[in-house]
Amino acid sequence: MTLTVLEGTLLLFILGCALGAALLRDTLASVMSFAAYSLGVSILWLILQAPDVGLTEAAVGAGIMTVLLLVALANTVTPNADRLLESINPRTLVLVGGFVLVMGATVPALPAIGDPTAPVVGGEVTQYYLDNAYKQTDVKNAVTAVLAAYRGFDTLGEAVVVFAAGVAALTVLRREVFA
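Because the structure is predicted, anything quoted here is derived from the model rather than measured. (Residues numbered from 1 in each chain as written. Predicted model: local features only at pLDDT ≥ 70, side-chain atom pairs only at ≥ 80, totals over all residues. Heavy atoms only, no water.)

1. Observations concerning the overall build of the protein chain
Each helix and strand counted, the protein chain has 7 helices and 0 strands in total. Moving toward the C terminus, one meets the helices and strands of the protein chain in the order α-α-α-α-α-α-α. A burial count over the protein chain gives 18% of its 179 residues as buried. For the protein chain, restricting intrachain contacts to residue pairs at least 6 apart in sequence, the fraction spanning at least 24 positions comes to 58%. Carbon and sulfur atoms make up 72% of the accessible area of the protein chain, which amounts to about 12500 Å² in all. (Helix = DSSP H or I, 4+ residues; strand = E, 2+ residues; numbered from the N terminus. Buried < 20%, exposed > 50% of the residue type's maximum accessible area, 1.4 Å probe, protein only. Contact = heavy atoms within 4.5 Å. Areas by Shrake-Rupley, 256 points an atom, 1.4 Å probe, with all protein chains shown as cover.)

2. Observations regarding a nonpolar patch on the surface
On the surface, W45, L48, V53 and I113 cluster together to form a nonpolar patch covering roughly 290 Å² of accessible area. When its relative accessible area of 33% is taken as the criterion, I113 is described as partly exposed. (Patch = residues over 30% accessible without salt bridge, like charges linked within 9 Å, V, L, I, M, F, W, Y side chains within 5 Å. Salt bridge = Lys/Arg side-chain N within 4 Å of Asp/Glu carboxyl O.)

3. Focus: the environment of G61
The topology assignment puts G61 in helix α3 (residues 51-74). A C-alpha to C-alpha distance of 7.5 Å links G61 and L39, two positions 22 residues apart in sequence. Residues in contact with G61, not counting those within four places in the same chain, are F34, S38, T56 and T66.

4. As for the packing of helix α5 (residues 124-137) against helix α6 (residues 142-150)
One way to put it is that α5 packs onto α6 with a least axis distance of 9 Å and a crossing angle of 70°. With respect to each other, α5 and α6 are oriented roughly perpendicular. For the pair α5 and α6, the contacting residues are Y128, Y129, L130, N132, A133, Y134, Q136 and T137 in the first and A142, A145, V146, A149 and Y150 in the second. Broken down by class, the residue content of the contact of α5 with α6 amounts to 10 nonpolar, 3 polar and no charged. (Axes fitted to C-alpha atoms, helices over the stretch in contact; angles between N-to-C directions. Parallel < 35°, antiparallel > 145°, perpendicular 65-115°, else oblique. Nonpolar A, V, L, I, M, F, W, Y, C, P; charged D, E, K, R; others polar.)

5. Describing helix α4 (residues 90-106)
Between its first and last C-alpha atoms α4 spans 25 Å; for 17 residues at 1.5 Å apiece the expected length is 24 Å, and the two agree. Where α4 begins, the side chain of N89 points an oxygen toward the backbone nitrogen of R91, at a separation of 3.1 Å. (Expected span 1.5 Å × (residues − 1). Polar contact = N/O pair within 3.5 Å; in protein donor to acceptor, adjacent residues only side chain to side chain.)

6. Remarks on the environment of A168
Looking at where A168 falls in the secondary structure, it is placed in helix α7 (residues 152-175). A168 sits in the partly exposed class, given a relative accessible area of 37%. Placed 104 residues apart in sequence, A168 and I64 show a C-alpha to C-alpha distance of 9.1 Å.

7. Here's the deal with the packing of helix α1 (residues 5-23) against helix α2 (residues 27-47)
Two elements in contact, α1 and α2, have axes separated by 8 Å at closest approach and are oriented at 155°. Classified by the interaxial angle, the pair formed by α1 and α2 is roughly antiparallel. Where α1 crosses over α2, the two elements pack in a sense that is left-handed. Each of L6, E7, L10, L11, F13, I14, G16, C17, A18, G20 and A21 in α1 lies in contact with α2, whose residues at this interface are S30, S33, F34, A36, Y37, G40, V41, I43, L44 and I47. (Left-handed = near helix turned anticlockwise from the far one by under 90°.)

As C-alpha cells, this is what we get:
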C-alpha cells in the first residue's frame, strides 16, 4: 500500500499533535493539541471510508472531550512552566518506538483503499450485503442497511456511548458557574 500526499501529511499532522499532547507542559496547549489530534484522526477515518467512526471520533474526541478537558482546566491551577516540554524516560521512548516500528511494519501488508481485489471489498460477506441488503431490510442505502439491520446492536452500542458522553458533558457544564 502506498500513501498519497494527503494521507502522509495527515499522518504527520496526527503524529505531531500526539507528541504535542504528550510532551507540552502548558496544559492548555496540550488540550488544544489533543483536540487537533482527534480532529485529524476523524478526518483519517473519513479518508479510510469509515464515516460512522469518523463522526463518532469528531463528536466525542474533538468535541465533548475537549470541552470537558477545558472545563477541568478552568477549575485547576496551572503549574509553573519553567520548561516547554516534559522530560522523556528513555525506557518509555524505547518501548513506544518499538511499538511504532511493529505497527509500521504492518502497513505495507494492507491493501490500497478502494482496491477491488482486497479481501474485504471483494469478499463473500460484502457481496452478500450488496445482493441482499435492499430486499431484506427495505432500506434504500446499503451502508444504512448494514449499520441499522445487520450490525444493529453494534450501532446501538455506539449511539449509547455517544449519548452518554453528551449527557455527561451537559451535566458537567450545567453545574459549572462561569465567572
